[in-house]
Number of protein chains: 4
Amino acid sequence: MIIICEAKATETQIAAIQRKIQEAGLVVHRSDGVEYTVLGVVGDRKRVDIGSISMMPGVRDVVIVSTPYKLASREFSQEDTVVRVGEETLVGGMDVIVMAGPCAVESAEQIESSAEFAASSGAQILRGGAFKPRSSPYSYQGLGVEGLKLLRQAADRHGLAVVTEVMTIEQIDMVSEYADLLQVGARNMQNYPLLTALGHAGKPVLLKRGMAATIQEWLMSAEYILTEGNPDVVLCERGIRTFETATRNTLDLSAVPVIKHLSHLPIIVDPSHGVGTRRFVAAMARAAVAAGADGIMVEIHPNPDKALSDGPQSLTFEEFSLLMNRCRIIATTLGRRLGKVK
Amino acid sequence: MIIICEAKATETQIAAIQRKIQEAGLVVHRSDGVEYTVLGVVGDRKRVDIGSISMMPGVRDVVIVSTPYKLASREFSQEDTVVRVGEETLVGGMDVIVMAGPCAVESAEQIESSAEFAASSGAQILRGGAFKPRSSPYSYQGLGVEGLKLLRQAADRHGLAVVTEVMTIEQIDMVSEYADLLQVGARNMQNYPLLTALGHAGKPVLLKRGMAATIQEWLMSAEYILTEGNPDVVLCERGIRTFETATRNTLDLSAVPVIKHLSHLPIIVDPSHGVGTRRFVAAMARAAVAAGADGIMVEIHPNPDKALSDGPQSLTFEEFSLLMNRCRIIATTLGRRLGKVK
Amino acid sequence: MIIICEAKATETQIAAIQRKIQEAGLVVHRSDGVEYTVLGVVGDRKRVDIGSISMMPGVRDVVIVSTPYKLASREFSQEDTVVRVGEETLVGGMDVIVMAGPCAVESAEQIESSAEFAASSGAQILRGGAFKPRSSPYSYQGLGVEGLKLLRQAADRHGLAVVTEVMTIEQIDMVSEYADLLQVGARNMQNYPLLTALGHAGKPVLLKRGMAATIQEWLMSAEYILTEGNPDVVLCERGIRTFETATRNTLDLSAVPVIKHLSHLPIIVDPSHGVGTRRFVAAMARAAVAAGADGIMVEIHPNPDKALSDGPQSLTFEEFSLLMNRCRIIATTLGRRLGKVK
Amino acid sequence: MIIICEAKATETQIAAIQRKIQEAGLVVHRSDGVEYTVLGVVGDRKRVDIGSISMMPGVRDVVIVSTPYKLASREFSQEDTVVRVGEETLVGGMDVIVMAGPCAVESAEQIESSAEFAASSGAQILRGGAFKPRSSPYSYQGLGVEGLKLLRQAADRHGLAVVTEVMTIEQIDMVSEYADLLQVGARNMQNYPLLTALGHAGKPVLLKRGMAATIQEWLMSAEYILTEGNPDVVLCERGIRTFETATRNTLDLSAVPVIKHLSHLPIIVDPSHGVGTRRFVAAMARAAVAAGADGIMVEIHPNPDKALSDGPQSLTFEEFSLLMNRCRIIATTLGRRLGKVK
């Protein structure tokens, strides 16, 4: 912690600040600059309240040096974390992983044909919502446990792992029965009781970035899971809220290299929710792979025009197939491999 | 619903759109403008998927006419909703209500002296967190049920009602035992299972605006509670996230007149979280009353420099007292009354 | 300047950083914390490039201690700057100043009736655009110099000063002939050649905040004018761009107390552009005065429904009159005086 | 234009609205929905003021159907515009164009070595600032006309075209003497007098997106240039301002497919200003090409640690060389060609 004093701070004020720090058992180093006096504090900063120091007379600013997350930081582990999903899929390693499927599980036929096509195109993980968080109480809310069963059966028939959202603590056990990767939606990124419970779930967690979450807050939410003993967290960029209205959200692809720099956790990208309309999904999925993402999560639907939920952002099978071919080459350019090898 | 066709839409495309609407049992009116053809759709719009229509060839844009919330809308009730909190406090009526207290309940002495001062200054409701959502797992998390008891006892001794946060469905019963107004924090504004459960809580709810929530989404979250049968929702503006870093959040005071225009629900303002530093709280509290808010929620602390949580944004008793005097006159200017009459 | 080293920075890296600083003729103080080594740099920081230091191996972060603006800072002057506009209006002193008038000057009748009403209600300054920056080339662009003349004549007849926008360097002389206060629009807040030229204009400048400008950038733009020798800058908050679409911009009223804390310059508020619709203007004007603004700038129009530019955000004379009465009392509450004393 | 009436609008109110429209010589079609009455207006909407209609009693909302830009729209030209820069570089065609060079021209040696390396790596256009807009008046402001000469000479020696910024109307002629592509910086995107003057410059214009500009406003600024007779506008995405502070701006790559959908103008991406730090530039440059950009503009510097301006965001020659190799393959994947063929 570094305390920057006001230009006009008096010696009495500076002495009072130093005393307060020392009384907390910390060590202070003082530097007198041309314009400002700076106090460097050495020791465990939890012993003092930063806020109260920042309000002391003569204090201009308090700078926190250490990151608020530890286990999620690159400093904690220089080596990239690789998360095993299901029996054989490794996220965060050499492979760029593809998760595909419909926004919501709607019927046995729909999920079966999606799973079949996803698998045949090289995807490793089947996505599909059974419990849907909807901003309107009047919108379609998902098939529930019935949807989970259909999802699992379709995935098993085609050798895919399963990712799906869990919305409450009570759902964790039930969803864990059917899914290999438990998704936390953007709206729950700071639902701390849920994160804490997922720290004990015994399954890897896909943590979506909140719409207004800074990258630092996102890593702090990951820390909630890690600190409870679950090391298997995959981050997912899905767009942040900005003033631009041409797309549903603004997909922040720079989060990919930033996360790689700050953390050892894998990061994937969900372009479908990022842009919110099919027209722009493929371009952003390609860009995500080019930016160095460890995977992409793409919505596909056998018949997007009839989808009950988020149809217009789902790719048709044909569009998805073309996308896979292009992404495969982009991944190769970066020395990686995209999609399942058959 | 209104469908705007592309300038170059062909007759065949327009006919296909019209057919799709009619097949869903809805009626279409066609207007041919100089540049565009517009199709006005009459009937229950839930019968068609807006997304799929927006992706049909020849469609440029689809405009939704009706609001996605009903019970929360001004059209549903021209008359302002007045919410009774505890036995005698009415939020949304002639009185501008003052909620005051520390960020977190820390000790019997702290909450007792806060309650005493709040009551003697004219506040009607005592605030104080027992369960605290913190962005870092390493921060102070609150006293839990012990905090609730201290809060209730202090409030009772001074004739105050109690507002405090409920973070999970499981906490609702317990918190309801001690509180008169159940607060939903900004991070939970779109925690739909929690909102649904609060629809059956039998207590009024204080719904804080999410950091990235539009006013429309906020009203849709209120709708989740209303539609389950609980009509007693009070909205609370507490700042939105913007690019500005001089304040913790950007307090959006224009939300006050906007909510008054769009909805019949009462709205209060929390300037403490909005600005995040004591220096700016009083100015924004005064501004909130001047903008027409139905109440303010202000953090006070007998000794802000020693607070365990959010101390630097808490007013001292002296600052609070001066603030109350000024706000009383501002409320009077608007034909209202602020604070308890003794 | 403070340099925070990475947790794993080697002694060789730290030595290289220190050498680089010392070679620039600056002094370094080193503090070794539990987790990090921190280097405090004393001396004129312009001698080294912060960016290059931040990219040196072993550097985690570089913190700039001093503010990038000097003349605009509160540290430069503890005393509030009072700007004289015209012969007798003082902005930034005890009086809360009211600037009123139409968005654009449209005709002799329109500006005359606006001036008459503004003056009779207590306003001190007449506003009105002669050159209008419009986001579409197809929108009404203003009356030009003819508008300036009408504005001046109307103001003179009613004892008002004149504020109007100057869009280019070439317009400065001409506009200065007619106006007492030269307005820089939000879109020109970072038009540095224009700001530099205004530093020599010999007239006070009203500097509107850019839509995406931080408060720090705004003060740095003021610095451009001050550093050229013009000390008379009045700041004007007019709303920033956020994700919220219910209002045209989000009026950031917390800028008022923040500016008062960071700077000695006066700050006024323009609620009309902030919210963009008449319905919400009065509430925000009242809030601005309550927040401590040194003035408000309000659009009024004898017949808003017929206005050629921004009519829907203009108050009618009746609405303005009621607003003035309320604001007068709010100002008094804060120990100030609003509007001209007759 | 479509007028949506309030649910409780009376027949008298609706009649008054219809009358107002008809008096302006426009035709109204009325549709009575279950909840709302909708009025479709046919004719030239400039004949009525939308704002005043939106404030009439009984009006809930007014929807503008037509886009505010014409010449910039995809509807105006289905065919992509290809802009010739210098003698042989075509932007917007099959080639993905690379613009490279230092942030600011600093010396003959620096620009010469940058030009040499840029050309040898396949870049077609040399960038370099001679006039620099700086947010602080105390920062390096550029070499001026001397810089332009150095830039031109270096470019000529290596067969490159030149792009550089023009900040004021007065600079246009001088800069045009030396540059092939005139850059409008983000802070000037809504400097309408400058845009209008560039409409007569006889040189192509590179229009950077403003930090807070929506895509629609950006196209409206392009319209200012197009409507004056200059058809050669290249758009440049360079990051928008959001709440995220881990990067200087948030590079909005979805602008690439969105612009391709809405407009026929070419769009390039500047990842250097988008992220603001060298570490993340290459990832975003690759992503830009993968998203379908018509070019990239990358800062390179022979010795970034010694750069006078924006050094830390400049790539070294080695980093740039690796980037070019990867981008070449990504472009090929999309059926395009990147960089000069030798």
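Residues numbered from 1 in each chain as written. Chains lettered and ligands numbered in written order. Predicted model: local features only at pLDDT ≥ 70, side-chain atom pairs only at ≥ 80, totals over all residues. Heavy atoms only, no water.

1. Digging into the overall build of chain A
Note the threshold: In this description a helix means any DSSP run of H or I spanning at least four residues, a strand means any run of E spanning at least two, and both kinds are numbered starting from the N terminus. Summary of the burial criterion: residues with accessible area below 20% of their type's maximum are buried, those above 50% are exposed, and those between are partly exposed, where the area comes from a 1.4 Å probe applied to protein chains only. Contacts were defined at the residue level, with two residues in contact if any of their heavy atoms lie within 4.5 Å. Positive: Lys, Arg. Negative: Asp, Glu. His and the chain ends are not part of the count. For the purpose of locating charges, the reference atoms are NZ of Lys, CZ of Arg, CG of Asp and CD of Glu.
Of regular secondary structure, chain A possesses 11 helices and 15 strands. With the C-alpha coordinates aligned to their principal axes, the bounding extent of chain A is approximately 75 × 45 × 40 Å. When burial is assessed residue by residue, chain A has 66% of its 342 residues classed as buried. Intrachain contacts of chain A at a sequence separation of at least 6 include 67% that bridge at least 24 residues. Both charge centroids of chain A, one from 35 positive and one from 39 negative side chains, sit 3 Å from each other.

2. Some words on the relation of the copies chain D and chain C
Short version of the rule: The least-squares superposition of copies is restricted to C-alpha atoms, and to residues with a pLDDT of at least 70 in both copies.
Between chain D and chain C, the superposition needs a rotation of 180° and an axial shift of 0.1 Å, giving an RMSD of 0.1 Å. Each copy turns onto its partner about a two-fold axis. Proximity to the rotation axis, assessed at the C-alpha, singles out Ala212 of chain D in chain D; its C-alpha lies 2.7 Å from the axis. A symmetric contact is evident, with 100% of the interface residues of chain D recurring at the interface of chain C.

3. Observations concerning the sheet that holds strand β3 (residues 37-42) of chain D
Residue and element names in this part refer to chain D. What counts here: DSSP bridges decide pairing: two strands pair if at least two such bridges lie between them. To obtain an axis, a line is fitted to C-alpha atoms, over the contacting stretch when the element is a helix, and the angle between two such axes runs from 0 to 180 degrees between their N-to-C directions.
Taking strand neighbours across the sheet as the criterion, the four strands line up as β2-β3-β1-β4 in an open arrangement whose pairing is antiparallel. For this open sheet the edge positions go to β2 (27-32) and β4 (59-63), each flanked by a neighbour on one side alone. Averaged over neighbouring strand pairs, the angle between their axes works out to 20° when direction is ignored. Pairing analysis gives four bridges linking strand β1 (residues 2-5) to β4, with the strands arranged antiparallel. When the sheet's bridge partners are listed, Ile3 is paired in β4 with Val62. Set on the sheet, helix α1 (residues 11-23) makes contact with β1, β2, β3 and β4; between it and β2 the angle comes to about 155°.

4. Side note on the interface of chain D and chain C
Note the following rule: The term salt bridge refers to a side-chain nitrogen of Lys or Arg lying within 4 Å of a carboxyl oxygen of Asp or Glu. Charged residues are taken to be Asp, Glu, Lys and Arg, nonpolar residues to be Ala, Val, Leu, Ile, Met, Phe, Trp, Tyr, Cys and Pro, and polar residues to be all remaining types, Gly included.
Taken together, the contact between chain D and chain C spans 44 residues of the former and 44 residues of the latter. Seen at the junction of chain D and chain C, the total is two salt bridges. Here Arg241 of chain C ties to Glu217 of chain D by a salt bridge, and the two come within 2.6 Å at their closest N and O atoms. Those elements that place two or more of their residues in the side of chain D that touches chain C are α2 (50-54), α6 (192-198), α7 (215-226) and α10 (278-291) of chain D. The element contributing the most residues to the side of chain D that touches chain C is α7 of chain D, with four residues. Looking at the side of chain D that touches chain C residue by residue, the classes come out as 18 nonpolar, 13 polar and 13 charged.

5. Details of the environment of Glu217 of chain A
Tracing the chain through its elements places Glu217 of chain A in helix α7 (residues 215-226). Exposure remark for Glu217 of chain A: the relative accessible area of 13% places this residue in the buried category. As for Glu217 of chain A and Ile300 of chain A, which are separated by 83 residues in sequence, their C-alpha atoms are 30 Å apart. Here Glu217 of chain A is in contact with Met189, Gln190 and Ala212 of chain A together with Arg241 of chain B, once residues within four sequence places are set aside.

6. Some words on the interface of chain D and chain A
Put simply, the test is: By buried area we mean the combined loss of accessible area, with a 1.4 Å probe, across both parts when two parts are placed together. Pairs of N or O atoms within 3.5 Å make up the polar contacts considered here, provided that, within protein, one atom can donate a hydrogen while the other can accept it, and that residues adjacent in sequence are counted only when both atoms are side-chain atoms.
Contacts between the two partners involve 36 residues from chain D, matched on the other side by 36 residues from chain A. Between chain D and chain A, roughly 2900 Å² of surface is buried when both sides are summed, and carbon and sulfur atoms account for 73% of that area. The tally of links from chain D across to chain A stands at two salt bridges. Between Glu244 of chain A and Arg209 of chain D there is a salt bridge, with its nearest N and O atoms 2.7 Å apart. Our enumeration of links across chain D and chain A arrives at six residue pairs in polar contact (both at pLDDT 80 or more). Counting only elements with at least two residues in the side of chain D that touches chain A, the list comes to α8 (255-262), α10 and α11 (317-333) of chain D. In terms of residues, the side of chain D that touches chain A owes the most to one element, α10 of chain D, which gives eight residues. Here the side of chain D that touches chain A is composed, by residue class, of 21 nonpolar, eight polar and seven charged.

7. A few points about the relation of the copies chain D and chain A
With an RMSD of 0.0 Å, chain D superimposes on chain A once it is rotated by 180° and translated 0.0 Å along the axis. A symmetric contact is evident, with 100% of the interface residues of chain D recurring at the interface of chain A.

8. A few points about the pattern of salt bridges
Under the counting rule described, the total for this entry stands at 60 salt bridges over all chains. The salt bridge involving Glu11 of chain A is made with Arg30 of chain A; its shortest N-O contact spans 2.7 Å. Pair noted here: Glu11 of chain A is in helix α1 (residues 11-23) and Arg30 of chain A is in strand β2 (residues 27-32), with a separation of 19 residues, a long-range link. The class for Arg30 of chain A is partly exposed, based on a relative accessible area of 29%. Here Arg157 of chain A and Glu112 of chain A are joined by a salt bridge, their closest N and O atoms 2.7 Å apart. Of this pair, Arg157 of chain A sits in helix α4 (residues 145-157) while Glu112 of chain A sits in helix α3 (residues 108-121), and the two are 45 residues apart along the sequence. Three or more residues are tied together by salt bridges with common partners; here these are Arg209, Glu237 and Asp252 of chain A together with Glu244 of chain D.

9. Re helix α4 (residues 145-157) of chain B
All names here are of chain B. Note the following rule: An expected span of 1.5 Å times one less than the residue number is assigned to each helix.
Between its first and last C-alpha atoms α4 spans 19 Å; for 13 residues at 1.5 Å apiece the expected length is 18 Å, and the two agree. Within the span of α4, buried status applies to Gly147, Leu148, Leu150, Leu151, Arg152, Ala154 and Ala155. Buried positions along α4 lie against α3 (108-121), β8 (125-127), β9 (161-165) and α5 (171-178). Just downstream of α4, Gly159 is the residue with a positive phi angle, here 65°.

10. Structural notes on the packing of aromatic side chains
What counts here: Note on aromatic pairs: the rings of Phe, Tyr and Trp (six-membered ring only in Trp) are paired at centre separations within 6.5 Å, and the planes decide the class, stacked below 30 degrees, edge-to-face beyond 60, tilted for the rest.
Applying the stated criterion to the full structure yields 12 aromatic pairs over all chains. Their ring planes at 20° and their centres at 4.5 Å tell us that Tyr192 of chain D and Tyr224 of chain D sit as a pair that is stacked. Of this pair, Tyr192 of chain D sits in helix α6 while Tyr224 of chain D sits in helix α7, and the two are 32 residues apart along the sequence. We classify Tyr192 of chain D as buried; its relative accessible area is 3%. In this structure Tyr224 of chain D comes out as buried when scored by relative accessible area, which is 4%. What links up through ring pairs into an aromatic cluster is the set Phe117, Phe317 and Phe320 of chain A.

11. Notes on the packing of helix α10 (residues 278-291) of chain B against helix α10 (residues 278-291) of chain C
Inclusion rule: Orientation is classified from the angle alone, with under 35 degrees giving roughly parallel, over 145 giving roughly antiparallel, 65 to 115 giving roughly perpendicular, and any other angle giving oblique. Whether a crossing is left-handed or right-handed is set by the direction in which the near helix is turned from the far one by less than a right angle, anticlockwise for left-handed and clockwise for right-handed.
For the pair α10 of chain B and α10 of chain C, the least separation of the axes is 7 Å and the interaxial angle reads 155°. Here α10 of chain B is positioned roughly antiparallel relative to α10 of chain C, judged by the angle of their axes. The handedness of the crossing between α10 of chain B and α10 of chain C comes out as right-handed. Here Ala283, Arg286, Ala287, Ala290 and Ala291 of chain B of α10 of chain B come into contact with α10 of chain C, specifically with Ala283, Arg286, Ala287, Ala290 and Ala291 of chain C.

12. A word on the sheet that holds strand β3 (residues 37-42) of chain A
Residues and elements named next belong to chain A. Overall, antiparallel pairing links the four strands, which are arranged β2-β3-β1-β4 in an open sheet. Either end of the sheet is taken by a strand with one partner, and the two such strands are β2 and β4 (59-63). Taking the axes of each pair of neighbouring strands and ignoring which way they run, one obtains an average angle of 20° across the sheet. Two strands pair when backbone bridges link them, and strand β1 (residues 2-5) and β3 are joined in this way by three bridges, in the antiparallel orientation. In the sheet register, Ile4 faces β3, and the bridge partner there is Val38. Most of the contacts of α1 go to β2, to which it runs at about 155°, and overall it touches β1, β2, β3 and β4.

13. Quick look at the pairing of strand β14 (residues 295-299) of chain B
Residue and element names in this part refer to chain B. The buried count for β14 comes to five of five residues, which makes it a mostly enclosed element. Across the two faces of β14 the burial is the same, with Gly295, Met297 and Glu299 and Ile296 and Val298 all buried. Direction of pairing for strand β7 (residues 95-101) relative to β14: parallel, over a ladder of five bridges. Within β14, the position partnered with Ile97 by the bridge is Gly295.

14. Quick word on the nonpolar core
Rules: Only buried residues count toward a nonpolar core. Its members are Ala, Val, Leu, Ile, Met, Phe, Trp, Tyr and Cys residues joined through side-chain atoms within 4.5 Å.
If you look at the biggest cluster of nonpolar residues, it comprises 160 residues, and the most contacted ones within it are Leu235 and Leu253 of chain A together with Leu235 and Leu253 of chain D. For Leu253 of chain D, the residues in contact, after removing those within four places along its chain, are Leu253, Met284 and Ala287 of chain A together with Val269, Met284, Ala287, Ala288 and Ala291 of chain D.

15. Observations concerning the packing of α3 of chain B against α4 of chain B
Residues and elements named next belong to chain B. Taken N-terminus to C-terminus, the directions of α3 and α4 make an angle of 30°; their axes are 9 Å apart at the nearest point. With respect to each other, α3 and α4 are oriented roughly parallel. With respect to the hand of their crossing, α3 and α4 are arranged in right-handed fashion. In this structure, α3 uses Ala108, Ile111, Glu112 and Ala115 to contact α4, whose residues at the interface are Leu150, Leu151, Ala154 and Arg157. Considering only residue class, the contact of α3 with α4 consists of six nonpolar, no polar and two charged.

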